[in-house]
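# Secondary and tertiary structure notes
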Amino acid sequence: MTTISTPRNNTTALDQRPIALVAWGATEAILRHSQAALARIDMTQPQWWALNNIVRAEHGLTKEEIRALDVPYGMDTQVMVRAADALVHRGWLGVGAAGRLTLTEQGHEGLAAAKEYMDRVRSDLLGDIAEEDYATAVSVLQHVTDNLA
């Protein structure tokens, strides 16, 4: 027996909507919201990714290592290298021995500010959704992805 639930906007029963349509809409909304939050501190999403990857690497990363990282959303592999170049120009990344990029003091401050904004993005995203429901949604989408891999 199929149970039909009515979504908040009363347009179509949720169980009748294609999962790809819902997932794509969620992806676009999340990206728009996170990109707008980062723009408030003059940062792009690729710069956010570059900073996070570089700070997690014990001795920083070279441009070749950055190029080898998985880049989300089908972006070209150069996108984080260009982001890193912009962060060097901005003074947030320094270039050390063997071309290793590491965060400067300004870079650490910028990353801390960005983390505050991104924490708010996550809070906005969750709204009144329980952490368990969020975890279930992510798990289901990952399972769908794994099924199709």
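Residues numbered from 1 in each chain as written. Predicted model: local features only at pLDDT ≥ 70, side-chain atom pairs only at ≥ 80, totals over all residues. Heavy atoms only, no water.

### Describing the confidence of the model for the protein chain
The predicted coordinates ought not to be read in detail in places where the model reports low pLDDT. We count it as follows: The predictor rates its confidence in each residue with pLDDT, a number between 0 and 100. Contacts between residues were defined by any pair of non-hydrogen atoms, one from each residue, lying within 4.5 Å.
With 91% of its residues at a pLDDT of 70 or more, the protein chain has an overall mean of 89. Contacts for the low-pLDDT stretch residues 1-6, under 50 throughout, to residues beyond four places or in other chains number eight contacts.

### Side note on unusual backbone geometry
As a reminder, the rule being used: Each helix is a run of H or I in the DSSP string that is no shorter than four residues. Each strand is a run of E no shorter than two, and both are numbered from the N terminus.
Within the chain, Asp 42 stands out as a residue other than glycine whose phi angle is a positive 55°. Mapped onto the secondary structure, Asp 42 falls in the loop between helix 1 (19-39) and helix 2 (45-56).

### Structural notes on helix 4 (residues 79-90)
Under the convention used in this document: A helix's residues, less one, multiplied by 1.5 Å, set its expected span. Only protein chains enter the area calculation, which uses a 1.4 Å probe; residues under 20% of their type maximum are buried, those over 50% are exposed, and those in between are partly exposed.
In a regular helix each residue adds 1.5 Å, so 12 residues correspond to 16 Å; helix 4 covers 17 Å between its end C-alpha atoms and thus fits that length. Within helix 4, burial applies to Val 79, Met 80, Val 81, Ala 83, Ala 84 and Leu 87. If you follow the buried residues of helix 4, they end up packed against helix 2, helix 3 (63-67), strand 1 (93-95) and strand 2 (101-103).

### Some details on the side chain of Ser 34
Here Ser 34 shows up in helix 1. On the basis of relative accessibility, which here comes to 2%, the residue Ser 34 falls in the buried class. Those residues in contact with Ser 34 that sit more than four places away from it in its chain are Gln 45, Met 118 and Val 121.

### Considerations on the packing of aromatic side chains
Selection criterion: Within 6.5 Å between ring centres, the rings of Phe, Tyr and Trp (the latter by its six-membered ring) count as paired, and their orientation is classed by plane angle as stacked under 30 degrees, edge-to-face over 60, tilted in between. In this scheme, Lys NZ or Arg CZ marks a charge over a ring once it lies within 6 Å of the ring centre and within 35 degrees of the ring normal.
Inspection of every chain in the model, using the stated rule, returns one aromatic pair. Between the aromatic rings of Trp 49 and Tyr 73, the centroid separation amounts to 5.7 Å while the plane-to-plane angle is 35°, which identifies the pairing as tilted. One end of the pair, Trp 49, is in helix 2; the other, Tyr 73, is in the loop between helix 3 and helix 4, and 24 residues separate them in sequence. In this structure Trp 49 comes out as buried when scored by relative accessible area, which is 13%. Overall, Tyr 73 belongs to the partly exposed group, its relative accessible area being 48%. For Arg 90, the ring lying beneath its charged end belongs to Trp 92, and the centroid distance is 4.0 Å.

### Considering the nonpolar core
Side chains of nonpolar character tend, in soluble globular proteins, to be buried together. Here is the rule we go by: Here the nonpolar core consists of buried residues drawn from Ala, Val, Leu, Ile, Met, Phe, Trp, Tyr and Cys, with membership extended through side-chain atoms lying within 4.5 Å.
Membership of the largest hydrophobic core comes to 28 residues, with the highest contact counts inside it found for Met 43, Trp 48, Leu 51, Ile 54, Ile 66, Met 80 and Leu 93. Breaking this core down by element, the ones donating at least two residues are helix 1, helix 2, helix 4, strand 2 and helix 5 (105-126). Top contributing element to this core by residue count: helix 4, with six residues. In this structure Met 43 touches Leu 38, Trp 48, Leu 51, Arg 90, Trp 92, Gly 110 and Ala 114, once residues within four positions along its chain are discounted.

### With respect to the pattern of salt bridges
Our working definition: The term salt bridge refers to a pairing of a side-chain nitrogen on Lys or Arg with a carboxyl oxygen on Asp or Glu at a separation within 4 Å.
Under the defined criterion, the tally for this structure stands at five salt bridges. For the salt bridge of Arg 100 with Glu 65, the shortest nitrogen-to-oxygen distance reads 2.9 Å. Linking Arg 100 in the loop between strand 1 and strand 2 with Glu 65 in helix 3, this pair joins segments that are 35 residues apart in sequence. We note a salt bridge from Glu 131 to Arg 122, for which the minimum N-O separation is 3.1 Å. For Arg 122, a relative accessible area of 35% corresponds to the partly exposed category.

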